[in-house]
Number of protein chains: 2
Amino acid sequence: MTGTNTDRAIRTISRCREIAARTEVPGETTRLFLTPSMHNVHSLLRSWMEAAGMTVHVDAIGNLCGFWAGLSADSPRLLIGSHLDTVPNAGAFDGILGVVLGVAIVEELRGKHLPFAIEVIGFSEEEGVRFSKPFLGSLAAIGKVDAETLACTDRDGISVGQAIRNFGLDPVQLPRAVVSNHTFAYLEIHIEQGPVLESENASLGIVEALVGQTRMQLVFTGQANHAGTTPMHLRHDAMAAAAEWIVAVERYASSHDDLVATVGKLEAFPGAGNVIAGKVTASLDVRHADDTVRHAAVLAMTKEAESAATRHRTQVTANTQLDQPAVPLDPALTTILQNAAAQAGFPSRRMTSGAGHDAMILAPVIPSAMLFLRSPGGLSHHPDESVLPHDVEAALVTVMEFLTQLGDDRGKLEDGHA
Amino acid sequence: MTGTNTDRAIRTISRCREIAARTEVPGETTRLFLTPSMHNVHSLLRSWMEAAGMTVHVDAIGNLCGFWAGLSADSPRLLIGSHLDTVPNAGAFDGILGVVLGVAIVEELRGKHLPFAIEVIGFSEEEGVRFSKPFLGSLAAIGKVDAETLACTDRDGISVGQAIRNFGLDPVQLPRAVVSNHTFAYLEIHIEQGPVLESENASLGIVEALVGQTRMQLVFTGQANHAGTTPMHLRHDAMAAAAEWIVAVERYASSHDDLVATVGKLEAFPGAGNVIAGKVTASLDVRHADDTVRHAAVLAMTKEAESAATRHRTQVTANTQLDQPAVPLDPALTTILQNAAAQAGFPSRRMTSGAGHDAMILAPVIPSAMLFLRSPGGLSHHPDESVLPHDVEAALVTVMEFLTQLGDDRGKLEDGHA
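Quick caveat, the model's predicted, so the values are computed rather than measured.

**Examining the pattern of salt bridges**
All names here are of chain A. Taken as a whole and assessed by the stated rule, the structure comprises 30 salt bridges over all chains. With its nearest N and O atoms 2.6 Å apart, the salt bridge here joins R349 to E200. In this pair, R349 is assigned in strand β15 (residues 348-353) and E200 in the loop between α7 (196-199) and β6 (204-210), connecting sequence segments 149 residues apart. Two residues, D291 and R294, come together in a salt bridge whose shortest N-O distance is 3.0 Å. Of this pair, D291 and R294 both sit in helix α9 (residues 291-311), 3 residues apart, roughly one helical turn. We classify R294 as buried; its relative accessible area is 0%. Taken together, the shared-partner salt bridges in this structure form one network comprising R8, E108, R110 and E393.

**Focus on the relation of the copies chain A and chain B**
Superposition of chain A onto chain B requires a rotation of 180 degrees combined with a translation of 0.1 Å along the rotation axis, giving an RMSD of 0.1 Å. Taken together, the turn and the small shift mark the pair as related by a two-fold rotation axis. For chain A, the minimum C-alpha distance to the rotation axis belongs to A243(A) and amounts to 2.2 Å. Counting the interface residues of chain A, we find that 100% of their copies in chain B are interface residues as well, pointing to one common contact surface.

**Some words on the pairing of strand β3 (residues 77-83) of chain B**
All names here are of chain B. Burial runs high along β3: 7 of the 7 residues are buried. Read from β3 through helix α3 (residues 96-109) to strand β4 (residues 117-123), the crossover connection turns out right-handed. Here 5 bridges tie β3 to strand β5 (residues 183-191), and the two strands are oriented parallel to one another. Looking at the pairing, L78 lines up with A185 of β5.

**A word on the interface of chain A and chain B**
At the junction of the two partners, chain A supplies 51 residues and chain B supplies 51 residues. Between chain A and chain B, a total of about 3900 Å² is buried, with carbon and sulfur atoms accounting for 62% of that surface. In this assembly, chain A and chain B are joined by 0 salt bridges. Across the contact surface, chain A and chain B share 8 residue pairs in polar contact (both at pLDDT 80 or more). In terms of residue count, the dominant contributor to the side of chain A that touches chain B is helix α8 (residues 238-254) of chain A (9 residues).

**Remarks on the side chain of S180(B)**
Residue and element names in this part refer to chain B. The topology assignment puts S180 in the loop between α6 (160-166) and β5. For S180, a relative accessible area of 19% corresponds to the buried category. Among the polar contacts listed, one links the side chain of S180 to the backbone nitrogen of H182, at a separation of 2.8 Å.

Reading the values: rules and limits
- Residues numbered from 1 in each chain as written.
- Chains lettered and ligands numbered in written order.
- Predicted model: local features only at pLDDT ≥ 70, side-chain atom pairs only at ≥ 80, totals over all residues.
- Heavy atoms only, no water.
- Salt bridge = Lys/Arg side-chain N within 4 Å of Asp/Glu carboxyl O.
- Helix = DSSP H or I, 4+ residues; strand = E, 2+ residues; numbered from the N terminus.
- Buried < 20%, exposed > 50% of the residue type's maximum accessible area, 1.4 Å probe, protein only.
- Least-squares fit on C-alpha atoms with pLDDT ≥ 70 in both.
- Contact = heavy atoms within 4.5 Å.
- Right-handed = clockwise from strand over helix to strand, strands pointing away.
- Pairing = 2+ DSSP bridges.
- Buried area = accessible area lost by both parts, 1.4 Å probe.
- Polar contact = N/O pair within 3.5 Å; in protein donor to acceptor, adjacent residues only side chain to side chain.

See below:
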């Protein structure tokens, strides 16, 4: 392998920053699905892709696809990508780094063709900000954008279908956005957006699974009363009940490996310092890579809520708003990726992804693997989001090695998925 | 004593309801300090007072005073009263019951003069709603309405001084609102506004002291982070810290007699279900009749906040917004009042008042006693606030007996306060 130096890592980072300047809001990076600034992003990426010899097209959902042929016309196809859109006031690396690295990888081939083709894909939508529907890009790639989705409207009343037309694309062509049935694997490279790798001084994480998630709302109902005239033993204090429950949630999650549980939103009513809370609403977010573990946790936490409510002479209701299964990634591909990292000299950590990614959509259909890069400060969805050049280089070298091993292991891989 | 029947209790209740119809907001009882509806209240009360043979005047702060002479022109003076103003959308008894009962007591004398005069006083302001300054009526009665208070403005920019003039009164006359130096005692009759008497099936409470109060705001500061990608052991979760502290506050207060502590207001930032709270602000309200006990509690709760914050890798600051000492009532008067209740056949309970009352302002200057009536459902500051005729009768009979014993004990009482 040639070019083991950090210049290409620094170039990759500076390309991400160049794209970050393509924004709807001057002075910050905000780039929602199919907004005019996305045309500029397409132009930039297209220029780099074409310079690397790739054939480029934009599909009907706005995914940008750069194709680098394999050794033969019917070579199987490896998809490498991530997303192009951002959250409001975003950083420069969430999503886009995986696409820019895809281009850099093809550049590193320096004209060489492999036993498989590579398609670098920039999904046009993952964050779900504009239409409150995430993953529109990857859903289109597996043929799951239906009429109902096309009818969804943004805050200006524009539908997904109309947004596609406004961007100069044709929703009738959506079936052609489905990835080729020659596609044998998907690789997503993404920043971790969490503190785990940094805390272990590791550059790279090998994602085994994307966690499943439960979202609930709990409502503790007691009785609002005077904070001065109501003795402790005659209270029906919804806040005291909720607090005891939050402590139990934290204790349960902390004592179960890789489980996370969060109460991030809480409102007390009437919400005055001198009035005992008569009602408290609280959110619960529970995630784990094993759905059995997650469901057991949710059950235990719901029971803890009932016990805490009873002890405080209050009542509680728990309403499940989301119960999304975990998505395992492909074990064989994942092992190849980890071996590639080791071979490249970058010890990596197997881990789960606590956040959702396009790989979550593709994995049930296409064998998928995911490579995480350390997030300095664990920071993401923030203008100060960053990556270290050393880690970008580690990812690049690892993926180049992955391509090599993938060529060698193709047969093995196909046996595994026969 | 004549007239031991419930007709007078029912008449007292119906008079309170008649006054409750004097309101600024049709359909509910809302009567703030010196609003036009207060003129109607004055008219009604004046008509009942004058029919009972009392001499009536309104002082410069708007207190309505009805005078019933004693046996001689220089007889000492007993003040009986409570307040005329209400909270928004109030009940019919908070405050006004003590004034209407004062009138009923003079009526029960049926022309008889005692060794002391009685002045029934309706304080024009206690709740503090209009100017965010409570107790304006009783403060004027002890000469504590100063220029700074007169300059306070309401939400329409009208000052206290201007409000007085708009009502047809003259702030220059405020020094004449100070109660006569012949005044030897103050008795306030008030609904409990809490559940204690009801929970013990008692009609009457004898208030020994009005509790001291600490109000604080605590700010727990951690670090907002992704609920999915941040493992439990790397979190700086301000909500988890605050919850642990609230549990400790509740536990401490519950294990110390007559102590109450409340966290009624809590806000989490950013306040999203999928984001670990980076900041939580919480109120703390601590009350006890013994300031030493209260200060020890506040210290312990502040330490608990620091421990909880440290355990969750967060920080906490605690800001004291109010540290108001307890106000003991007069022991000799209080004993006479309790004996009177027993003599009248209504076993009473000694208790503290967790809420503030005009007696809190007068007690440091004039020996004061307070009689509580059971609050059905513990309900107050609510349209459904009520009193039982049986309890109103108990209060009336008790106070008539109190007057008798007070006549007998005047010498003793004066020795006690020499």
